[in-house]
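# Examining the three-dimensional arrangement
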Amino acid sequence: MARKKTNAFWMTASVTLSAATTYVQTTIPLGSYIDVAAKQAIAILEVDYISQSTTFSTNLAGDRIIDYQLTDINRGDLVVATDTSLISRGALAYDNSPPNFSNENALFPDTFGTLDEARMVVNDDIFFGAETTNVSGGDTICTVRIKAMVVSLSEKDFMALALTSVASA
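As the structure is a computational prediction, the values presented were derived from the model and not from experiment.

Here we come to the confidence of the model for the protein. Scored by pLDDT, the protein has a mean of 87; 89% of the residues are at 70 or more. The lowest-confidence element of the protein is strand β7 (residues 99-103), averaging 65 in pLDDT; the highest-confidence one is strand β3 (residues 24-29), averaging 97.

One broad trend across soluble globular proteins is that nonpolar side chains are buried collectively. In terms of nonpolar packing, the biggest core is built from 29 residues, with I28, I44, L70, I126, F128 and I146 touching the most fellow members. Those elements giving two or more residues to this core turn out to be β2 (9-17), β4 (40-53), β5 (64-71), β6 (86-96), β9 (125-132) and β10 (140-153). Once residues within four sequence positions are removed from consideration, I44 is found in contact with L70, I87, F112, A118, R119, V121, I126, I146, K147 and A148. Membership of the second largest hydrophobic core comes to twelve residues, among which are M120, V122, M149 and L153.

With that settled, the discussion passes to the pairing of β10. Counting buried residues in β10 gives twelve out of 14 residues, a clear majority hidden from the surface. Bridge count between strand β1 (residues 2-4) and β10: three bridges; the pairing is antiparallel. Bridging across to β10, A2 finds its partner in L153. With nine bridges joining them, β2 and β10 adopt antiparallel strand pairing. In the strand pairing of β10, F9 is matched with A148. Pairing geometry for β4 and β10, over 13 bridges, is antiparallel. If you follow Q52 over to β10, its bridge partner there is I141.

Quick notes on the rules
- Residues numbered from 1 in each chain as written.
- Predicted model: local features only at pLDDT ≥ 70, side-chain atom pairs only at ≥ 80, totals over all residues.
- Heavy atoms only, no water.
- pLDDT = per-residue confidence, 0-100.
- Helix = DSSP H or I, 4+ residues; strand = E, 2+ residues; numbered from the N terminus.
- Core = buried A, V, L, I, M, F, W, Y, C linked by side-chain atoms within 4.5 Å.
- Buried < 20%, exposed > 50% of the residue type's maximum accessible area, 1.4 Å probe, protein only.
- Contact = heavy atoms within 4.5 Å.
- Pairing = 2+ DSSP bridges.

Printed below as a string of structure tokens:
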């Protein structure tokens, strides 16, 4: 399906959660990597989520659940797992006393495996967002780390991805 044009590289983005149950999103531009004429796309290989207090500590000073997501269409809020724009989803349950972390029921893959199993993106932007149940003890910085590479697709594969993206918008 895809031929590697670059080695893997990392992209990062962050949002700051200052209010409970308020979705915060940022845009990660991909336009400089995507070339329609050359049928270039971004292959997303792995997605990691990190949460820290504004003092950069992993001790968040209050119990909370944090939901994260990465989409290739701007939905402006958390989406259900059947939404075709969903690239990756994660959740963190944090118990402050004693500090205890656990992953919740977000089982959407964060490591996609080989290039043939990677999530291909042909959109100019992807969107990282997060939401928390609690902000006691201060704001929370949520960061996404995306391992990706530029790939070249066949004309049929590129067109199928572009049509899927347009149909989902």
